[in-house]
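Overview (structure and organization)
Now for the letters of each chain:
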Amino acid sequence: MEDIELIARLKNGEDEAFRIVVDRYQRFILNSSFRFVQNKETAEDITQDVFIEVFRSINFFRAEAKLSTWIYRIAITKSLDYMKSQKRKKRFAIFKSLFNEDDKPEEVVAPETFNPGKQVENDDRIKILSWALAKLPENQRIAFTLSKYDEMSYQEIAEILGVSLSSVESLIHRAKENLKKKLYVYYKKHL
Amino acid sequence: MEREKMILEEVEKTLNSIDNVTNLETNPFLFTRIKARIVDNSVEQIKEGKTGFVLKPVALIIILVINIVTAVFFFKNNSTNQAVNTNTTLVESLTEDYQYSQTEYENFTLE
């Protein structure tokens, strides 16, 4: 079913059209959110929130962008909102921990030891990469994640982020350079 | 030198580990859950709407009554004070303008 027809049927409140949208985009949204929040249950909650938002706001969708771009944008905004709220909680937890020793804030941590050649090597690498990614500036992290993990074209990323094609190229290039630097520091310490 | 090379190799391998990332499997009940949440939210909104429909006019009436009562008290007190004060203020200003003595001032106020 083409986007135009799907949007029209969604605006009419057709259940079947909504089911098609959920089936078509749930995999991307779940995995994309997971890469930001690093927690399966939270990613599932965000996925639900995204589709509820799509259902509620479809009448405001003016078709200036593709339906997929619009949905991806909602997904990224929701994931970032969640991360911001977590950061606020963390700050509050740090403040609380000044008074209460039991309340220590949690954060994404890289493995303390690295054992090349073992079975766990790949899992470790993914964890280390996630840790380094979490340290990147927001725009670089989004652009890099969409490009490398979700295999989106630069054009699609530019539409989602609302920036030019050259900005996306620059963001991804800087993200790679920064990741290399962070990983270098990590391995220098742990190898 | 050897260590530096090893570090750079590890950095490269880790960057390439993106290719080995496995995707999460979606929940087969996702659509049902989303629909259930939409229905729940709608019911909540209706409930909120109903209580709001009753509470808003009540709050408005209470604010209106408080305003009217305050206004009535304010104007009532103000007019009485003005009536009392007019005479005294006139006498005071005359006394000051014409530099009357204390006795003359008292004569005025007694009258």
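Just above, that's the structure.
Residues numbered from 1 in each chain as written. Chains lettered and ligands numbered in written order. Predicted model: local features only at pLDDT ≥ 70, side-chain atom pairs only at ≥ 80, totals over all residues. Heavy atoms only, no water.

Description of the interface of chain A and chain B
One frequently used descriptor of interface size is the decrease in accessible area upon assembly of the parts. Between chain A and chain B, the contact holds 37 residues from the first and 28 residues from the second. In total, about 3,300 Å² of surface goes out of reach between chain A and chain B, with carbon and sulfur atoms giving 65% of it. Looking at the side of chain A facing chain B, the largest losses of area belong to A:Q48, A:R125 and A:Y184, adding up to 18% of the total buried there. In this structure, the connection of chain A to chain B is made through 4 salt bridges. When the shortest N-O distance is used, the salt bridge between B:K35 and A:D15 registers 2.5 Å. Applying the counting rule to chain A against chain B returns 12 residue pairs in polar contact (both at pLDDT 80 or more). Of all the secondary structure elements, the ones that give two or more residues to the side of chain A that touches chain B are α2 (15–37), α3 (40–57), α5 (121–134), α6 (138–149) and α8 (165–190) of chain A. (Contact = heavy atoms within 4.5 Å. Buried area = accessible area lost by both parts, 1.4 Å probe. Salt bridge = Lys/Arg side-chain N within 4 Å of Asp/Glu carboxyl O. Polar contact = N/O pair within 3.5 Å; in protein donor to acceptor, adjacent residues only side chain to side chain. Helix = DSSP H or I, 4+ residues; strand = E, 2+ residues; numbered from the N terminus.)

A closer look at the pattern of salt bridges
All names here are of chain A. Evaluation of the coordinates by the stated rule reveals 9 salt bridges over all chains. Taking the shortest distance from any N to any O, the salt bridge between D3 and R24 comes out at 3.8 Å. With D3 in helix α1 (residues 3–11) and R24 in helix α2, this pair connects stretches of sequence that are 21 residues apart. Exposure remark for D3: the relative accessible area of 23% places this residue in the partly exposed category. Its relative accessible area of 35% is what places R24 among the partly exposed residues. Here E14 ties to R9 by a salt bridge, and the two come within 2.6 Å at their closest N and O atoms. Through salt bridges with shared partners, a single ionic network connects E5, R9 and E14. (Buried < 20%, exposed > 50% of the residue type's maximum accessible area, 1.4 Å probe, protein only.)

Points about the nonpolar core
Core analysis: the largest hydrophobic core is formed by 45 residues, its most contacted members being A:V21, A:F51, A:L67 and A:I71. Among the elements of the structure, α1, α2, α3, α4 (67–97), α6, α7 (154–161) and α8 of chain A together with α2 (30–97) of chain B are those that each provide at least two residues to this core. Tallying contributions element by element places α2(A) first for this core, with 10 residues. Among residues more than four places away in sequence, those in contact with A:L67 are A:D3, A:L6, A:I7, A:V21, A:Y25, A:I58 and A:F61. (Core = buried A, V, L, I, M, F, W, Y, C linked by side-chain atoms within 4.5 Å.)

So, the packing of α8(A) against helix α1 (residues 2–16) of chain B
With their axes 9 Å apart at the nearest point, α8(A) and α1(B) run at an angle of 130° to one another. Taken together, α8(A) and α1(B) sit at an angle that is classed as oblique. Here α8(A) and α1(B) pass one another in a crossing that is right-handed. Along the contact surface, α8(A) presents A:L179, A:K180, A:L183, A:Y184, A:Y187 and A:K188, while α1(B) presents B:R3, B:E4, B:I7, B:L8, B:E10, B:V11, B:E12, B:T14 and B:L15. Residues belonging to the contact of α8(A) with α1(B) are distributed by class as follows: 8 nonpolar, 1 polar and 6 charged. (Axes fitted to C-alpha atoms, helices over the stretch in contact; angles between N-to-C directions. Parallel < 35°, antiparallel > 145°, perpendicular 65-115°, else oblique. Left-handed = near helix turned anticlockwise from the far one by under 90°. Nonpolar A, V, L, I, M, F, W, Y, C, P; charged D, E, K, R; others polar.)

Some points on unusual backbone geometry
All names here are of chain A. For Q38, which is not glycine, the phi torsion reads 60° and is therefore positive. Judged by relative accessible area, Q38 falls into the partly exposed class, the value being 34%. Although it is not a glycine, E151 sits at a positive phi angle of roughly 55°. Along the chain, the position of E151 falls in the loop between α6 and α7. On the basis of relative accessibility, which here comes to 66%, the residue E151 falls in the exposed class.

Section: α6(A)
Over its 12 residues, α6(A) runs 16 Å from end to end, which matches the ideal 16 Å to within 8%, given 1.5 Å per residue. Residues A:Q140, A:R141, A:I142, A:A143, A:F144, A:T145, A:L146, A:S147 and A:Y149 constitute the buried set of α6(A). (Expected span 1.5 Å × (residues − 1).)

Some words on the side chain of A:R35
Tracing the backbone through its elements, the reader meets A:R35 in helix α2. A polar contact of 3.2 Å, which involves the side chain of A:R35, links it to the side chain of A:D150. Apart from residues lying up to four places away in sequence, A:R35 is in contact with A:T145, A:Y149, A:D150, B:V21 and B:N23.

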